[in-house]
Amino acid sequence: MNNGLLLPGHTRNMSGEGVFLETQTVSRGRRQQSLKAGEFGILTLQYKLQGNPEALKVPCRIAYVSGDGLGIHLNISRLSAKERKIIEDILESGTGMLW
């Protein structure tokens, strides 16, 4: 996030506009208070392309904070056509593994 906080987690309910990031970090003490809806950051999506690990950095904004994670709005418009196609392929695969 903009404050330099790294939030490891797993994505759930991903769409072309957003994703829920399931993370235990949100519920750890004062860190929860430092995360607010409207904050901007970069979401690193990790996936596999033909069995090889890859990563895509996506500009994002926190839509909401809950006890088990974050609702995140993806700023797809700031991605290249190639990067948008990767997101589309990830959504179509349903697994995060692209062939």
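Reading the values: rules and limits
- Residues numbered from 1 in each chain as written.
- Predicted model: local features only at pLDDT ≥ 70, side-chain atom pairs only at ≥ 80, totals over all residues.
- Heavy atoms only, no water.
- Helix = DSSP H or I, 4+ residues; strand = E, 2+ residues; numbered from the N terminus.
- Buried < 20%, exposed > 50% of the residue type's maximum accessible area, 1.4 Å probe, protein only.
- Contact = heavy atoms within 4.5 Å.
- Areas by Shrake-Rupley, 256 points an atom, 1.4 Å probe, with all protein chains shown as cover.
- Polar contact = N/O pair within 3.5 Å; in protein donor to acceptor, adjacent residues only side chain to side chain.
- Lys, Arg positive; Asp, Glu negative; His and termini not counted.
- Salt bridge = Lys/Arg side-chain N within 4 Å of Asp/Glu carboxyl O.
- Pairing = 2+ DSSP bridges.

J.: Before we move on, can you summarise the overall build of the chain with the specific residues and values?
T.: Tallying secondary structure elements over the chain gives two helices and six strands in all. In sequence order, the secondary structure elements of the chain are arranged as β-β-α-β-β-β-α-β. Buried positions account for 33% of the 99 residues belonging to the chain. Counting contacts in the chain only where the partners sit at least 6 residues apart, residues at least 24 apart contribute 50% of the total. When the accessible surface of the chain is totalled, it reaches about 6300 Å², and 49% of it is carbon and sulfur.

J.: Tell me about the side chain of Thr23, and name the residues and values.
T.: In this fold, Thr23 is placed in the loop between β2 (18–22) and α1 (31–34). Among the polar contacts made by the side chain of Thr23, one reaches the main-chain carbonyl oxygen of Pro8 at a distance of 2.7 Å. If near-sequence neighbours (up to four positions away) are discounted, Thr23 is found in contact with Leu7, Pro8, Gly9, Asp68 and Gly69.

J.: Can you lay out the side chain of Glu39 for me, pointing to particular residues and giving the numbers?
T.: When you line up the elements, Glu39 lands in the loop between α1 and β3 (40–49). Put simply, Glu39 is tucked away with no salt bridge, and the nearest opposite charge, on Lys36, sits 5.9 Å away. At 2.7 Å, the side chain of Glu39 and the backbone nitrogen of Lys36 are in polar contact.

J.: Requested: an account of unusual backbone geometry, with residues and values cited.
T.: Here Asn13, not a glycine, exhibits a phi torsion of approximately 50°, which is positive. Examined against the element boundaries, Asn13 turns out to sit in the loop between β1 (10–12) and β2. Classification of Asn13 by relative accessible area gives exposed; the value is 66%. Phi angles above zero are rare outside glycine, and Gln50 is one such case at about 55°. Of note, Gln50 is situated in the loop between β3 and β4 (52–66). Look at Gln50 and you get exposed, because its relative accessible area is 56%.

J.: Help me get a handle on the pairing of strand β5 (residues 69–74), residues and values and all.
T.: Counting buried residues along β5, five of its six residues qualify, which places the element largely inside the surrounding structure. Two elements, β2 and β5, share five bridges in a ladder whose sense is antiparallel. Paired with Gly18 across the strands is His73, a residue of β5. With six bridges joining them, β4 and β5 adopt antiparallel strand pairing. The residue of β5 that forms the bridge with Arg61 is His73.

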